[in-house]
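# A closer look at the structure
Chain residues, written in single-letter form:
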Amino acid sequence: MNSEDTALYRDITDFAHDTPNWVRHGAGIWTEAGLLVFVGLFAAAWWRARRGSPRAFAIAALAPLATAVAYVCSEVLKSAVTEERPCRAVAGAAASLAACPPHGDWSFPSNHATIAGAGAVSLALVRRALLWLTAPLALLMAFSRVFVGVHYPHDVMAGLALGTLVALVAVRLGRDPMTRLAAAMRTSPAPAVRWVPGPGPAPVPSYETHARR
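Reading the values: the criteria
- Residues numbered from 1 in each chain as written.
- Predicted model: local features only at pLDDT ≥ 70, side-chain atom pairs only at ≥ 80, totals over all residues.
- Heavy atoms only, no water.
- Helix = DSSP H or I, 4+ residues; strand = E, 2+ residues; numbered from the N terminus.
- Rg over C-alpha atoms; globule rule 2.2 N^0.38 Å.
- Buried < 20%, exposed > 50% of the residue type's maximum accessible area, 1.4 Å probe, protein only.
- Contact = heavy atoms within 4.5 Å.
- Areas by Shrake-Rupley, 256 points an atom, 1.4 Å probe, with all protein chains shown as cover.
- Lys, Arg positive; Asp, Glu negative; His and termini not counted.
- Charge placed at Lys NZ, Arg CZ, Asp CG, Glu CD.
- Salt bridge = Lys/Arg side-chain N within 4 Å of Asp/Glu carboxyl O.
- Expected span 1.5 Å × (residues − 1).
- Bend = angle between axes of the 7 residues up to and from the residue.
- Axes fitted to C-alpha atoms, helices over the stretch in contact; angles between N-to-C directions.
- Parallel < 35°, antiparallel > 145°, perpendicular 65-115°, else oblique.
- Left-handed = near helix turned anticlockwise from the far one by under 90°.
- Nonpolar A, V, L, I, M, F, W, Y, C, P; charged D, E, K, R; others polar.
- Polar contact = N/O pair within 3.5 Å; in protein donor to acceptor, adjacent residues only side chain to side chain.
- Patch = residues over 30% accessible without salt bridge, like charges linked within 9 Å, V, L, I, M, F, W, Y side chains within 5 Å.

For the rest of this paragraph, the subject is the overall build of the protein. Along its length, the protein carries nine helices and zero strands. Starting at the N terminus and ending at the C terminus, the protein contains elements arranged as α-α-α-α-α-α-α-α-α. Taken against the 2.2 N^0.38 rule, which gives 17 Å for 213 residues, the C-alpha radius of gyration of the protein at 21 Å runs more than 25% over that of a compact globule. Within the protein, buried positions represent 43% of all 213 residues. Put simply, of all contacts in the protein between residues at least 6 apart along the chain, 79% involve residues at least 24 apart. Put simply, the protein shows about 11400 Å² of open surface, and 67% of that area lies on carbon and sulfur atoms. Computed over 19 positive and 13 negative side-chain charges, the inter-centroid distance for the protein is 22 Å.

This part is about unusual backbone geometry. Omega for the peptide link from Phe108 to Pro109 comes to -10°, which places this bond in the cis form. Positioned with a positive phi, Thr82 is a non-glycine residue whose angle comes to about 50°. Counting through the fold element by element, Thr82 comes out in the loop between helix H3 (54-81) and helix H4 (86-89). Classification of Thr82 by relative accessible area gives partly exposed; the value is 37%.

Applying the stated criterion to the full structure yields four salt bridges. Measuring nitrogen to oxygen at the nearest pair gives 2.9 Å for the salt bridge that ties Arg85 to Asp105. Of the two residues, Arg85 sits in the loop between H3 and H4 while Asp105 sits in the loop between H4 and helix H5 (111-126), which places them 20 residues apart along the sequence. Between Asp176 and Arg175 there is a salt bridge; the shortest N-O distance is 3.9 Å. The exposure class assigned to Asp176 is partly exposed, which follows from its relative accessible area of 37%.

Look at helix H2 (residues 21-49): 41 Å from first C-alpha to last across 29 residues, which is about the 42 Å you get at 1.5 Å a residue. At Thr31, H2 shows its largest kink, close to 45°. Turning to H2, its buried residues number three or more, namely Ala27, Trp30, Thr31, Gly34, Phe38, Leu41, Phe42, Ala45 and Ala49. Elements that come into contact with the buried residues of H2 comprise H3, H5, helix H6 (131-147) and helix H7 (153-186).

Bringing the packing of H3 against H7 into the picture now. Viewed as axis vectors pointing N to C, H3 and H7 meet at an angle of 140°, and their least axial separation amounts to 6 Å. As far as their axial angle goes, H7 and H3 are oblique. By crossing handedness, the relation of H3 to H7 is classed as right-handed. Of the residues that constitute the contact of H3 with H7, the class distribution is 20 nonpolar, four polar and four charged.

To continue, consider the environment of Phe15. The residue Phe15 is located in helix H1 (residues 3-18) in this model. The sequence separation of Phe15 and Tyr152 amounts to 137 residues, and the corresponding C-alpha distance is 15 Å.

Moving on to the side chain of Asp155. The residue Asp155 is located in helix H7 in this model. It turns out Asp155 is buried and unbridged, and the closest side chain with the opposite charge, Arg85, is 6.4 Å from it. A polar atom in the side chain of Asp155 sits 3.3 Å from the side chain of His151. At a separation of 3.1 Å, a polar atom in the side chain of Asp155 contacts the side chain of His154. Sequence-distant contacts of Asp155, defined by excluding residues within four places in its chain, comprise Glu83, Ser107, Phe108, Pro109 and Ser110.

This next bit is on a nonpolar patch on the surface. On the surface, Trp47, Trp195 and Val196 cluster together to form a nonpolar patch covering roughly 320 Å² of accessible area. Along the chain, Trp47 turns up in helix H2. A relative accessible area of 48% means that Trp47 is categorised as partly exposed.

This is the structure we're talking about:
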């Protein structure tokens with residue numbers, strides 16, 4: 001742990017205590033409930049992709065899976081590094097706004113930031129324009145973890161980087177197999193199976209069809 005990171009943690013948590021009560025309360029809600037926003041975005045992306053090509057549906061379906069893989073990677077790394085939470089380790093720091101996690105719930109990297117980073121990138125792979133929404137949400141999620149006092153700045157930066165890397169790799173490796181699976185599911189004789197990937201894009205009437213009419 002370097003002194004600059006610890007000093008930045010102190011500066012942010014001191015700033016948090018100087019903010020209005022509604023800001024502190026909002027940060028406390030967002031730092032946990034913000035994950036539900038990404039769940040909603042995953043659901044919306046899946047629903048929209050049901051009218052897209054098998055490849056588009058494959059990427060939308062992989063987005064939450066890639067995020068889950070990123071979370072598992074974060075947990076494995078936590079167990080290897082075993083860094084104590086700053087709300088317990090930094091002497092003289094302002095009290096954390098959120099309850100300090102118990103000993104053994106390690107700090108590095110931030111699971112929340114990892115999930116947010118993976119979610120932001122994987123959703124942007126579904127639709128590039130979503131990056132303008134998901135990137136600020138992920139950064140806000142990462143900052144909130146330091147703001148409420150439960151992570152160092154380097155925890156959340158590492159989490160964002162880990163989530164981004166895992167999402168890119170997971171979607172890249174899973175895209176082609178998932179595309180084939182989506183195409184197969186759309187031709188399944190079982191209605192419930194066909195419903196999951198949706199009907200795909202509406203057929204475009206050919207010139208010959210119009211001519212016959």
